[in-house]
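Each chain is listed here by its residues.
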Amino acid sequence: TGSLVCLLVAALPKATVTGIDVSLPNIRLAEDRRATLDAASAARMRVEQADYLTRPASPVDVIASDGVLHLIPGDTRALFAKLSGDLRPGGTLVVCMPYDCAYNYTCAMLRRLLRLIRSRALDALILQVGRMLHGSQMNDEGLRERIPYMYIAPERLAGRALRETIAPLSGLRLIA
């Protein structure tokens, strides 16, 4: 929706920041946010609708990912190799994703269960809950677009294998 991109543009006044998303409604919301920025900040912000895994490499200094890497389908090693390959030498990858724990396994199981019983009524219920929780930040188009996400179980969680095997094999070093 552009919220993270706008925060980064404000925090990094010399940086050009590009937001990438597969969702056209998210890109539209990001463009709306971009339109509210001053001209100098807006000029440093870009948004792009793309599937990250198939997007051509473009070396950057920093990649910041907030709550999406766990949902990208495919091999975790390939994903982290792409992330590493898109960073310039000495670059930084900032990742926020669900941790490997019982709570998140429970949430994943719930999403798998929801997928089995998906119906129009369940979609309507999810939309109502979404309006209550996020209606002040997001319009109905954005909320409806997110309903399918409720049926997607995480492909990966941030845990020991990611920290100790996958990231290092991709050339990434944990700093925090």
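The structure under discussion appears in the preceding block.
Just so it is clear, the structure is predicted and the values come from calculations on it, not from any experiment.

## A word on the overall build of the protein
Counting its regular elements, the protein contains 8 helices and 4 strands. Computed over the C-alpha atoms, the radius of gyration of the protein is 17 Å, within 12% of the 16 Å expected from 2.2 N^0.38 for a compact globule of 176 residues. Viewed in the frame of its principal axes, the protein has a C-alpha envelope of about 50 × 45 × 25 Å. Relative to all contacts within the protein whose residues are 6 or more apart in sequence, the contacts with residues 24 or more apart total 80%. Accessible area of the protein: about 11000 Å², with a carbon and sulfur share of 60%. Here the protein contributes 22 positively and 17 negatively charged side chains, and the mean placements of these two sets differ by 2 Å.

## Considerations on the environment of Leu79
Along the polypeptide, Leu79 turns up in helix α4 (residues 76-85). A sequence separation of 54 residues divides Leu79 from Leu133, and the C-alpha atoms of the two residues are 31 Å apart.

## Brief notes about the pairing of strand β3 (residues 60-66)
Two elements, β3 and strand β4 (residues 87-96), share 6 bridges in a ladder whose sense is parallel. By the bridge assignment for β4, Ser65 is matched with Val95. Between β3 and its parallel partner β4, the chain crosses via α4, and the hand of that crossover is right-handed.

## Considerations on the layout of surface pockets
Picture a little ball the size of a water molecule; that probe, rolled over the atoms, points out where space is still empty. Size it by volume and the second largest pocket reaches roughly 690 Å³. Leu93, Leu172, Arg173, Leu174 and Ile175 are the residues nearest the centre of the second largest pocket, which is lined by 24 residues in total. Of all the elements in the fold, those that place two or more residues in the lining of the second largest pocket are α4, β4 and α8 (160-169). No other element matches the 9 residues that β4 contributes to the lining of the second largest pocket. Counted by class, the lining of the second largest pocket contains 15 nonpolar, 6 polar and 3 charged residues.

## Thoughts on α4
What α4 keeps buried is the set Thr76, Leu79, Phe80, Lys82, Leu83 and Ser84. Among the structural elements, β3, β4 and α8 are those in contact with the buried residues of α4. Where α4 begins, the side chain of Asp75 points an oxygen toward the backbone nitrogen of Arg77, at a separation of 3.1 Å.

## Here's the deal with the nonpolar core
One broad rule of soluble globular proteins: the nonpolar side chains tend to lie buried together. In this structure, Leu69, Leu79, Phe80, Leu83 and Leu162 are the most contacted members of the largest nonpolar core, which totals 14 residues. Mapped onto this core, the elements with two or more residues apiece are α4 and α8. If sequence neighbours within four positions are ignored, Leu83 has contacts with Tyr52, Ile63, Leu69 and Leu93. With 9 residues, the next largest nonpolar core counts Leu114, Leu122, Leu127 and Leu143 among its residues.

## Thoughts on the packing of aromatic side chains
Summed over the entire model, instances satisfying the criterion amount to 0 aromatic pairs. Between the NZ or CZ atom of Lys82 and the centre of the ring of Tyr52, over which it lies, the distance is 4.7 Å.

## Side note on the pattern of salt bridges
Tallied over the full model, the rule gives 10 salt bridges. One salt bridge in this structure joins Asp123 and Arg118, with 3.1 Å as the shortest N-O distance. A residue is classified by how much of its surface remains accessible, and Asp123, at 18% relative accessible area, is buried. Its relative accessible area of 42% is what places Arg118 among the partly exposed residues. Arg144 serves as the salt-bridge partner of Asp140, at 3.5 Å between the closest nitrogen and oxygen. Separated by 4 residues within a single helix, Asp140 and Arg144 lie in helix α7 (residues 140-146), roughly one turn from each other. A relative accessible area of 28% places Asp140 in the partly exposed class. On the accessibility criterion, Arg144 (46% relative accessible area) is partly exposed.

Reading the values: rules and limits
Position numbers for residues start from 1 in each chain and track the written sequence from start to end. Reporting of local features is limited, given that this is a predicted model, to residues whose pLDDT is at least 70; pairs of side-chain atoms are given and counted only at 80 or more, and all residues count toward the totals for whole chains, interfaces and linings. Where side-chain values are given, they derive from all heavy atoms of the structure, hydrogens and water being excluded. Helix and strand assignments follow DSSP, with helices taken as H or I runs no shorter than four residues and strands as E runs no shorter than two, numbered in order from the N terminus. Taken over C-alpha atoms, the radius of gyration is set against a globule rule of 2.2 Å times the number of residues to the power 0.38. We call two residues contacting when some pair of their heavy atoms lies within 4.5 Å. Computed by Shrake-Rupley with a 1.4 Å probe, the accessible areas treat only the displayed protein chains as cover when residues are assessed. All tallies of charge rest on Lys and Arg as positive and Asp and Glu as negative; His and the ends of each chain are not included. To locate a charge, take NZ of a lysine, CZ of an arginine, CG of an aspartate or CD of a glutamate. Pairing between strands requires that DSSP locate at least two bridges from one strand to the other. When the strands point away from the viewer and the connection leading from the first strand across the helix to the second strand turns clockwise, the crossover is called right-handed. Lining residues are defined by having an atom within 4 Å of a point belonging to a cavity or pocket. Those points lie on a 1 Å grid over the protein atoms alone, cavities being sets where a 1.4 Å probe fits but cannot get out and pockets being open sets with protein on both sides within 12 Å along at least five of seven lines. Grid points are joined across faces, edges and corners, and a volume is the space filled by probe spheres set on the points. Following the grouping adopted for this structure description, the nonpolar residues are Ala, Val, Leu, Ile, Met, Phe, Trp, Tyr, Cys and Pro, the charged ones are Asp, Glu, Lys and Arg, and the polar ones are all others, Gly among them. Note on exposure labels: buried denotes an accessible area under 20% of the residue type's maximum, exposed denotes more than 50%, and partly exposed covers the range between, all computed with a 1.4 Å probe on protein chains only. Distance and chemistry together define a polar contact, namely a pair of N or O atoms within 3.5 Å, with one atom able to donate a hydrogen and the other to accept it when in protein, and with adjacent residues in sequence counting only for side-chain atoms on both sides. Only buried Ala, Val, Leu, Ile, Met, Phe, Trp, Tyr and Cys residues count toward a nonpolar core, and they belong to the same one when joined by side-chain atoms within 4.5 Å. Centres within 6.5 Å are what make two rings of Phe, Tyr or Trp a pair, Trp counting through its six-membered ring; a difference in plane orientation under 30 degrees is then read as stacked, over 60 as edge-to-face, and the rest as tilted. Charge-over-ring placement is defined geometrically: NZ (Lys) or CZ (Arg) within 6 Å of the ring centre, and within 35 degrees of the ring normal. Here, a salt bridge means any Lys or Arg side-chain nitrogen found within 4 Å of an Asp or Glu carboxyl oxygen.

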